[in-house]
Amino acid sequence: MGFNCGIVGLPNVGKSTLFNALTATQAAQAANYPFCTIEPNVGRVAVLDPRLDKLAAIAASAKIVNTQLEFVDIAGLVKGASKGEGLGNQFLANIREVDAIAHVLRCFEDADVTHVSGGVDPVRDAEIVETELMLADLDSLEKRLPNLEKRTKGGDKEAQAEAPVVAKVLVVLREGKPAREASLSNEERPVFQRLQLITAKPMMYVLNVEEAAAATGNKHSQAAEAFAAQRGIPSVVISAAIEAEVAQLPADEQAEFLASLGLEETGLARVVRAGYRLLDLVTFFTVGPKEARAWTVRRDAKAPEAAGAIHTDFEKGFIRAETIAYDDYVGLNGEAGARDAGKLRLEGKDYQVKDGDVFHFRFNV
């Protein structure tokens, strides 16, 4: 099961530099002109979790396998994208496919790197991109409306459930607000998700500053942080240039390099954690002598879905899940200790996965 964040923004804000650092590759071409990224590049990055190391040490696991997030580097958007300007149609098609959005905002001055809008203003840039996304959603719903109204009058139950949701979202979009701000009931939420609107996706801002401002930020990132906080959107300050340098260093030299810049960890680690929270994911573990592995599911997932993250046969033939809470596994020194203390539970199909659960699935295909 894959979860992904699309890296978006105006041209020349550092999207491809960030992507290259995230994946520690040069798969995306970073160049000083718009549209250097034509096809969306895809890379997977480990979500480091210190709990996994503890579990592996207790079980003497031969191998550790982290869970991963997928990042998609999408071509730079320009004003007018919703009408097909630049690579607008392709951009919009690509962004509809991702689960969440990491919106990179340029917060650095550099005369050698062209700014498509003439100067650095991250709040303006954010509004340009999001206006285009809202216009694309508005156009999408307005095109659906005549057929939806026709089906509603004809007694189509699916259309009758969808029509009031579309009406609420259209009001919000016409006010210049993203679809995610529509006030919906719990019953309407599944219908809303099926509309597949871009501005319904969870989003975070990645504020790209120059190297000297990596630890403290600057006036541009501070303005962007205030804008993000006002809208209830998470933000992370990084220097993509520093992250690109760190990605090329041996692991044993990275901490010393970061410390020399006043940083305790990479900005990328913060981006990955923020992406994980943004997608509202939880981690469960499988632990044994061969390997200790972390897996990812959505927060409301039931035990069979977690089993299916490992293999579809596990979900199809699910019988039950032998379950130990992480704290019990560590506190009682492994599976045997947890079993002896009565902390190993047998959970059925309706069990909701808790973050940190250690599972052994029983199944029959």
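Refer to the structure printed above.
The model shown is predicted, which means the values in this text are computed figures rather than measured ones. (Residues numbered from 1 in each chain as written. Predicted model: local features only at pLDDT ≥ 70, side-chain atom pairs only at ≥ 80, totals over all residues. Heavy atoms only, no water.)

Peer 1: Please explain the packing of aromatic side chains as it appears in this structure.
Peer 2: Within a pair of aromatic rings, the relevant descriptors are the distance that separates the centres and the angle that separates the planes. Overall, the coordinates contain 9 aromatic pairs when judged by the stated rule. Here the aromatic rings of Tyr205 and Phe227 are separated by 6.1 Å at their centres, their planes lie at 40°, and the arrangement is tilted. Within this pair, whereas Tyr205 is found in strand S6 (residues 203–208), its partner Phe227 is found in helix H7 (residues 219–231), the two being separated by 22 residues in sequence. Both residues of the pair, Tyr205 and Phe227, count as buried. Their ring planes at 90° and their centres at 6.3 Å tell us that Tyr351 and Phe359 sit as a pair that is edge-to-face. According to the relative accessible area criterion, Tyr351 is buried, its value standing at 11%. (Phe/Tyr/Trp six-rings, centres within 6.5 Å; stacked < 30°, edge-to-face > 60°. Helix = DSSP H or I, 4+ residues; strand = E, 2+ residues; numbered from the N terminus. Buried < 20%, exposed > 50% of the residue type's maximum accessible area, 1.4 Å probe, protein only.)

Peer 1: Just to check I follow, could you spell out the side chain of His220 for this structure?
Peer 2: Inspection of the secondary structure puts His220 in helix H7. Each residue touching His220, except ones within four places of it in the same chain, is listed here: Cys107, Glu109, Val120 and Pro122. (Contact = heavy atoms within 4.5 Å.)

Peer 1: Explain the pattern of salt bridges to me, please; I cannot follow it from the model alone.
Peer 2: Two side chains carrying opposite charge are able to pair once their charged atoms lie near each other. A complete count under the given rule lists 19 salt bridges for this structure. Between Glu142 and Arg174 there is a salt bridge; the shortest N-O distance is 3.1 Å. Taken together, the residues span a long stretch of sequence, with Glu142 in helix H4 (residues 122–153) and Arg174 in helix H5 (residues 157–174) at a distance of 32 residues. Residue classification places Glu142 among the partly exposed residues on the basis of a relative accessible area of 36%. (Salt bridge = Lys/Arg side-chain N within 4 Å of Asp/Glu carboxyl O.)

Peer 1: Would you mind going over H7 with me for this structure?
Peer 2: An α-helical turn contains 3.6 residues, so any two residues separated by three or four positions project in the same direction. Between its terminal C-alpha atoms H7 stretches 19 Å, which fits the 18 Å expected from 13 residues at 1.5 Å a residue. When H7 is considered as a whole, its buried residues turn out to be His220, Ser221, Ala224, Phe227 and Ala228. Down the axis of H7, the buried set is contained in an arc of 120°. They therefore lie on one face. Away from the buried face of H7 by more than 90 degrees, exposed residues Lys219, Ala229 and Gln230 are located. (Expected span 1.5 Å × (residues − 1). Arc of directions from axis to C-beta.)

Peer 1: So what exactly am I meant to see when it comes to the sheet that holds S6 here?
Peer 2: Spatially, 6 strands are ordered S2-S4-S1-S5-S6-S7 in an open sheet, and the strand pairing comes out mixed. Of all strands in the sheet, those with a lone pairing partner are strand S2 (41–47) and strand S7 (235–238), marking the two edges. The mean angle between the axes of side-by-side strands here comes to 25°, regardless of whether they run parallel or antiparallel. Across 4 bridges, strand S1 (residues 4–8) lies against strand S5 (residues 100–106) in parallel orientation. Residue pairing in the sheet places Gly6 in a bridge with Ile101 of S5. Relative to the sheet, H7 contacts S5, S6 and S7, its axis offset from that of S6 by approximately 170°. (Pairing = 2+ DSSP bridges. Axes fitted to C-alpha atoms, helices over the stretch in contact; angles between N-to-C directions.)

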